[in-house]
Amino acid sequence: MKLNFKLGGVLAAALMAGTMLSGAASAQTLTMGLRAGPDSIDPHWSTLGSQAEALRHIFDTLVMADENLQLKPGLATSWKPVDDTTWEFKIREGVKFHDGSELTAEDVKFSIDRIPVVTGPMSMTIYTKQVKETKVVDKNTLHVITKAPAPTLPNDFVRLFVVSKSIGMDARNEQFNSGKAAIGTGPYKFVSWEPKGDLVLERFDGYWGEKPHWQKVIRKEIPNDPARMAALKSGQVDLVNYVPATDYASMQKDKSVDTFVADTIYYFNLTPNVKETLPKPVKVDGKEIAANPLRDPKVREALDLAIDRKTLVRVVLEGLGKPANQLMPTNFFGGSKNLPERPYNVAKAKELLAAAGYPKGFEIDFFCTNNRLPGDGAVCEALSQMWARAGLKVNANALNGTVFFPAQQKGEFPLWMSGWGTLTGEASYTYGSLVHTADPKTGLGAFNKQGYSNPEVDALLEEGSRTMDDAKRRALFEKVTEVSMNDRALIPTVQLQTVWAAKKGTMVIPPRVDQETLAYEIKPKS
């Protein structure tokens, strides 16, 4: 009996310790409450940041980026130009896929070749648009031949997720989502996924890199902000991302919560559709007109002048942002320090509308997301109210991203706002995708659905994309930034800051400018 009592005491103590240490930092399970998750487990299905964030746990990229988007070795240990149109990538030796097979250059070649074949809603070909062909030199060496000199190819390959050649070119969503084709080299193995629900991952102990702390990771998709914050408070999750500005103020005073803040690469940009015919006509005095007012530079300038960016930051985002005058941070490669702060001048906006032939304004539909980035729906509504002061009737429609993005890619909106982040840290990624004339042959202008076309911008982008000299390329991209922003090809509004929150004293979350929440970078607080 005495022995049994002691044993029972030990068991009781162990059970009590297990209960007390059931939080994130003790048990090796990390449960995350996230605003958005993947739309597929196929890493080549979509360019969305939430897709990449989730699938980085399962699949590695050829080149990686640190928390400030500086390039670092990934599955490639090194890269160098062999000649003007050939890059050589050395593939890391000894890397295993989750099924135990060995990574070779053949898998990397297969992954590059596969991307154009996948017909997702937002094509990943923006990352391979410069590639002409790939050649396997040996087991650990790959040559990538480009269509022209491509100095930014390593930057593009931060989103080149490598899959196993063994899955075959016919593998599609069904095989990935079931786990059959979800064979990566990443720090975690796929266990299960419920669309719009939980993605469950298990640590891959054969991982080539630093071993992550957490044995099991559960990524819960909770798009509703109040529900996500409540899940943290109730202990259902150990951390949350995209803390709303309204909650951040109160959390700073909450002794049970730690918060982590970072500037981000994400901007809310307005896109005016400048095609000759709008998908839905605008109205003047209640009657539809055939003309598209947004084609007039004076109208686009009026929209710009009517935006009070400081109020958007101070009131709508409650301080978690900065007024924007271009599409990416000025310190990124090709950002311009010559562009002035965007002024707020409603009187001038009204003058410009009158000069354009719309003294009483007009009515137009305006679309945005309401669940992708913090404050997107609120900023959308605030903009419609600001434009009303200039005499415009703007009907704001905040949509779930699953509805918004397919419609936006089809060109169904006359005016829209969405978030964009320069994930490669340089201008050709953003301006080459958003403002170059849409050209399916070259892959440039892949996300230009508004019909903007400026031969000067196109020529500058194309010259910059094949200029190997960094100083010359930077100057060309700076000019692209200045011309397209003065043209108001897109109209930047605010740069976002982001906030994570976790149970007090349990973990350290390294803030990333790309806002990604990566379990393998999160460590328990010592």
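Residues numbered from 1 in each chain as written. Predicted model: local features only at pLDDT ≥ 70, side-chain atom pairs only at ≥ 80, totals over all residues. Heavy atoms only, no water.

Q: Please set out the overall build of the protein chain residue by residue, giving values where relevant.
A: Scanning the protein chain from terminus to terminus reveals 15 helices and 21 strands. In terms of C-alpha radius of gyration, the protein chain reaches 25 Å, essentially the compact-globule figure of 24 Å for 526 residues. For the protein chain, the spread of C-alpha atoms along the principal axes amounts to about 95 × 55 × 40 Å. When each of the 526 residues of the protein chain is scored for burial, the buried share is 57%. Taking as baseline every contact in the protein chain between residues at least 6 positions apart, the subset at least 24 positions apart corresponds to 70%. Of the roughly 21400 Å² of accessible surface on the protein chain, 52% is carried by carbon and sulfur atoms. Distance between charge centroids for the protein chain: 3 Å, based on 64 positive and 61 negative side chains. (Helix = DSSP H or I, 4+ residues; strand = E, 2+ residues; numbered from the N terminus. Rg over C-alpha atoms; globule rule 2.2 N^0.38 Å. Buried < 20%, exposed > 50% of the residue type's maximum accessible area, 1.4 Å probe, protein only. Contact = heavy atoms within 4.5 Å. Areas by Shrake-Rupley, 256 points an atom, 1.4 Å probe, with all protein chains shown as cover. Lys, Arg positive; Asp, Glu negative; His and termini not counted. Charge placed at Lys NZ, Arg CZ, Asp CG, Glu CD.)

Q: Which residues make up the nonpolar core, and what values do they have?
A: Core analysis: the largest hydrophobic core is formed by 138 residues, its most contacted members being F89, F157 and W387. When residues no more than four places from it in sequence are discounted, the contact partners of F89 are L62, V63, A76, S78, W79, N140, T141, L142, V144, L153 and F157. Of all hydrophobic cores here, the second largest spans 14 residues; its members include V240, V243, V257 and A501. (Core = buried A, V, L, I, M, F, W, Y, C linked by side-chain atoms within 4.5 Å.)

Q: Which residues make up the pattern of salt bridges, and what are the values?
A: On inspection of all chains with the given rule, the structure shows 28 salt bridges. The closest approach of N and O atoms between D254 and K233, which form a salt bridge, is 1.9 Å. Of this pair, D254 sits in the loop between helix 7 (245-251) and strand 12 (257-272) while K233 sits in helix 6 (residues 225-234); the two residues are 21 residues apart in sequence, bridging distant segments of the chain. Taking the relative accessible area as the measure of exposure, D254 reaches 18% and is therefore buried. For D296, the salt bridge is made with K298, and the minimal N-O distance between the two is 3.5 Å. It is possible to trace a salt-bridge network through shared partners that takes in R35, D225, R228 and D376. (Salt bridge = Lys/Arg side-chain N within 4 Å of Asp/Glu carboxyl O.)

Q: So what about the packing of aromatic side chains? Which residues, and what values?
A: Under the definition given, this model contains 14 aromatic pairs. Ring plane angle 20 degrees and centroid distance 5.7 Å describe the contact between Y127 and Y429, whose orientation is recorded as stacked. Taken as a pair, Y127 in the loop between helix 3 (105-114) and strand 6 (131-138) and Y429 in helix 13 (residues 427-434) lie far apart in primary sequence, 302 residues in all. Here a set of aromatic residues connected by ring pairs shows up, and it is made of F367, F404, F405, F413 and W416. (Phe/Tyr/Trp six-rings, centres within 6.5 Å; stacked < 30°, edge-to-face > 60°.)

Q: Outline the environment of A378, listing residues and values.
A: Note on placement: A378 falls in helix 11 (residues 376-388). Sequence-wise, A378 and G421 are 43 residues apart; in three dimensions their C-alpha atoms are separated by 19 Å.

Q: Summarise the sheet that holds strand 4 (residues 76-83); cite the residues concerned and give the values.
A: Ordered in space as 4-5-7-6, the four strands form an open sheet in which the pairing is antiparallel. The sheet is open, and its two edges are formed by strand 4 and strand 6, each paired on a single side. Within the sheet, the average angular offset between the axes of one strand and its neighbour, ignoring direction, is 20 degrees. Sheet topology places strand 6 next to strand 7 (residues 141-146); six bridges connect them, and they run antiparallel. Pairing of D138 across the sheet is with T141, part of strand 7. (Pairing = 2+ DSSP bridges. Axes fitted to C-alpha atoms, helices over the stretch in contact; angles between N-to-C directions.)

Q: A description of the packing of helix 8 (residues 297-305) against helix 10 (residues 346-355) should follow, citing residues and the corresponding values.
A: Between helix 8 and helix 10, the least distance of the axes is 8 Å, while the angle of their chain directions is 160 degrees. Relative to helix 10, the element helix 8 is oriented roughly antiparallel. In this structure, the crossing between helix 8 and helix 10 has a hand that is left-handed. Mapping the contact onto sequence places K298, V299, E301, A302 and L305 in helix 8 and V346, K348, A349, L352, L353 and A355 in helix 10. Tallied by class, the residues present in the contact of helix 8 with helix 10 amount to eight nonpolar, no polar and three charged. (Parallel < 35°, antiparallel > 145°, perpendicular 65-115°, else oblique. Left-handed = near helix turned anticlockwise from the far one by under 90°. Nonpolar A, V, L, I, M, F, W, Y, C, P; charged D, E, K, R; others polar.)

Q: Describe the confidence of the model for the protein chain, listing the residues and the values that go with them.
A: Mean pLDDT for the protein chain: 92, with 95% of residues reaching 70 or above. Scored below 50 in pLDDT, residues 1-26 shows 14 contacts in the model against residues more than four places distant or in partner chains. (pLDDT = per-residue confidence, 0-100.)

Q: For the pairing of strand 16 (residues 363-369), give the residues involved together with the corresponding values.
A: Within strand 16, seven of the seven residues are buried, leaving the element largely enclosed by the surrounding structure. Covered by surrounding structure in strand 16 are E363, D365, F367 and T369 together with I364, F366 and C368, the residues of both alternating faces. As paired strands, strand 16 and strand 18 (residues 415-421) are joined by two bridges and run parallel to one another. Across the sheet, residue F367 finds its bridge partner in strand 18, namely W416.

Q: Talk me through the environment of A396; I want residue IDs and the actual numbers.
A: Within the element layout of this structure, A396 appears in strand 17 (residues 393-399). Sequence-distant contacts of A396, defined by excluding residues within four places in its chain, comprise F366, C380, E381 and S384.

Q: Quick rundown of the side chain of T517? Include the residues and the values.
A: Within the element layout of this structure, T517 appears in the loop between strand 20 (507-508) and strand 21 (523-524). Residue T517 is classed as buried on the basis of its relative accessible area, which comes to 1%. A polar side-chain atom of T517 sits 2.8 Å from a polar atom in the side chain of W500. Apart from residues no more than four positions distant in its own chain, T517 is found in contact with M32, L34, E53, H57, R219, L239, N241, W500 and I522. (Polar contact = N/O pair within 3.5 Å; in protein donor to acceptor, adjacent residues only side chain to side chain.)

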